[in-house]
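A closer look at the structure
What follows is the residue order along each chain.
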Amino acid sequence: MIPLARRITAVCALGAALAACGTTDPARSTRPAPARSPVSATPSATRPPVLAPGPGGLTPVFEHGPRDRGKTVAFTFDADMTADEGPRAAAGEHFDNPGLIGALHTLKVPATIFMTGRWAEQYPDEARSLGGDPQFEVANHSYSHYAFTPSCYGLPTVDTAHMRSDVERAYTAFRKAGLRNALPYFRFPGGCYDQRSLRALSGLGMTAIQWDVVSGDAFATDADAVAKQVLDGVQPGSVVIMHCTRSAAPTTEQVVRTVVPELRKRGYTFVKVSQLIGESRGHH
């Protein structure tokens, strides 16, 4: 799994600007976060599905949904901003992408947004809006977007002792922005993880979310090539990774506008990651 994750995210980590974020208020016990958190997956406050912990309570990892439950696909978008990119934002660089969110609204495509805490601090109104929009679900992508393993494509690293607090700091940033319904899902910066990092997050009730389709939108300039990569890779139950950072992924809006009608033509329905996890849990 780890080589796949690294291969998939090599393009993302080229510039610490890509890797997704989001999630829920972590629980203060060993129970899943939503059980004791004011956040919820939906306005009805139903508890979002999570995978059962691995041996010894190890944080479980989800890569895709069932292949035989119909043609469903989940689009995920990383709202990336690292802890040290504030000066770049102050100088006018755009780490958000309102046009992409508008396209998803127009096309009526639900999506899961993985948000860093630093992004939520920079764009609190957008974070709050995404968190309150029933079309989207928001999950945790760490606060800093620093790597949770060594040698993760040049990203700075978080030491083991601070991994849990980095995740919790993201939740704090979400709450300060007014985003109170983040889910108990976590995407590792750069997609890089190992047993040590999975163990460091044990007890938070979270599920780590990877993917099986790399869009290649990070730093891409050819929207058609990215769209082809998505269309060639999607299978039933797929999780597609894209980004909602204008400066680092400028073609993504056009990619979505191209890919969505084609996938619908092929019989696909768009769902959130939580639905795929729910289907996976019942698939035994």
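As a reminder, the structure under discussion sits directly above these lines.
Summarised in this report is the structure supplied together with it. (Residues numbered from 1 in each chain as written. Predicted model: local features only at pLDDT ≥ 70, side-chain atom pairs only at ≥ 80, totals over all residues. Heavy atoms only, no water.)

What follows deals with the pattern of salt bridges. Following the criterion strictly, the structure yields 13 salt bridges and no others. A salt bridge links Glu93 to Arg88, with the nearest nitrogen and oxygen atoms 2.8 Å apart. Classification of Glu93 by relative accessible area gives partly exposed; the value is 21%. The class of Arg88 is partly exposed, set by a relative accessible area of 38%. Where Arg128 meets Asp125, a salt bridge forms, and the shortest distance between an N and an O atom there is 2.6 Å. Note that Arg128 and Asp125 are positioned in helix H6 (residues 124–132) at a spacing of three residues, about one turn of the helix. Shared partners join several salt bridges into a network, and the residues in it are Glu85, Arg88 and Glu93. (Salt bridge = Lys/Arg side-chain N within 4 Å of Asp/Glu carboxyl O. Buried < 20%, exposed > 50% of the residue type's maximum accessible area, 1.4 Å probe, protein only. Helix = DSSP H or I, 4+ residues; strand = E, 2+ residues; numbered from the N terminus.)

A few words on the packing of helix H4 (residues 98–107) against helix H10 (residues 252–265). Contact geometry of H4 with H10 gives a least axis separation of 9 Å together with a crossing angle of 20 degrees. If you check the angle between H4 and H10, you find them roughly parallel. Classified by chirality, the crossing of H10 by H4 is right-handed. Residues Gly99, Leu100, Ala103, Leu104 and Leu107 of H4 touch H10, and the partners they reach there are Thr252, Glu253, Val256, Arg257, Val260 and Arg264. Within the contact of H4 with H10, the residues separate by chemical class into six nonpolar, two polar and three charged. (Axes fitted to C-alpha atoms, helices over the stretch in contact; angles between N-to-C directions. Parallel < 35°, antiparallel > 145°, perpendicular 65-115°, else oblique. Left-handed = near helix turned anticlockwise from the far one by under 90°. Contact = heavy atoms within 4.5 Å. Nonpolar A, V, L, I, M, F, W, Y, C, P; charged D, E, K, R; others polar.)

Judged by how many residues are buried, strand E2 (residues 72–79) sits mostly within the fold: eight of eight residues are covered. Taking every second residue as pointing to the same face, both faces of E2 are buried, with Thr72, Ala74, Thr76 and Asp78 on one and Val73, Phe75, Phe77 and Ala79 on the other. As paired elements, E2 and strand E9 (residues 269–271) share three bridges and run parallel to each other. In the sheet register, Val73 faces E9, and the bridge partner there is Phe270. Inspection of the sheet shows E2 paired to strand E8 (residues 238–243) by six bridges, in the parallel sense. Bridge pairing in E8 places Thr76 opposite Ile241. (Pairing = 2+ DSSP bridges.)

Here we come to the pairing of strand E4 (residues 136–140). Burial of E4 is extensive: five of the five residues sit out of reach of the surface. Residues Phe136, Val138 and Asn140 of E4 are buried on one face, and the alternating residues Glu137 and Ala139, pointing to the opposite face, are buried as well. Pairing of strand E3 (residues 111–115) with E4, which is carried by five bridges, proceeds in the parallel orientation. Pairing of Thr112 across the sheet is with Glu137, part of E4.

Let us look at the packing of aromatic side chains. For the coordinates displayed, the defined rule picks out eight aromatic pairs. Relative to Phe186, the ring of Phe148 has its centre 5.5 Å away and its plane inclined at 55 degrees; by these criteria the two rings are tilted. On the criterion of sequence distance, the pair formed by Phe148 in the loop between E4 and helix H7 (160–177) and Phe186 in strand E5 (residues 185–186) is long-range, its members being 38 residues apart. Judged by relative accessible area, Phe186 falls into the buried class, the value being 1%. Taking 4.9 Å as the distance between ring centres and 85 degrees as the angle between the ring planes, the aromatic pair formed by Phe186 and Phe188 counts as edge-to-face. Linked through ring pairs, Phe148, Phe186, Phe188 and Tyr193 together constitute an aromatic cluster. Geometry around Tyr143 places Arg169 over its ring, the cationic atom sitting 3.7 Å from the centre. A cation sits over an aromatic face here: Arg187 above Phe114, 4.1 Å from the ring centre. (Phe/Tyr/Trp six-rings, centres within 6.5 Å; stacked < 30°, edge-to-face > 60°. Lys NZ or Arg CZ within 6 Å of the ring centre and 35° of its normal.)

Further remarks concern the nonpolar core. Soluble globular proteins tend to bury their nonpolar side chains together. If you look at the biggest cluster of nonpolar residues, it comprises 62 residues, and the most contacted ones within it are Phe75, Phe77, Leu104, Met115, Trp119 and Leu263. The leading source of residues in this core is H7, at seven residues. Phe62, Ala139, Leu183 and Ile209 belong to the second-largest nonpolar core, a separate cluster that totals 17 residues. (Core = buried A, V, L, I, M, F, W, Y, C linked by side-chain atoms within 4.5 Å.)

Considering the arrangement of structural elements, one finds Thr252 in helix H10. With near-sequence residues (within four places) excluded, Thr252 lies in contact with Phe77, Leu100, Asp217, Met242 and His243.

The next point concerns the environment of Thr269. Its place among the elements puts Thr269 in strand E9. With a relative accessible area of 45%, Thr269 lands in the partly exposed category. Each C-alpha atom, one on Thr269 and one on Thr72, is 4.8 Å from the other, the two residues being 197 residues apart in sequence. Setting aside residues no more than four positions away along its own chain, Thr269 makes contact with Lys71, Thr72 and Val73.

Shape descriptors only; they carry no functional weight alone.
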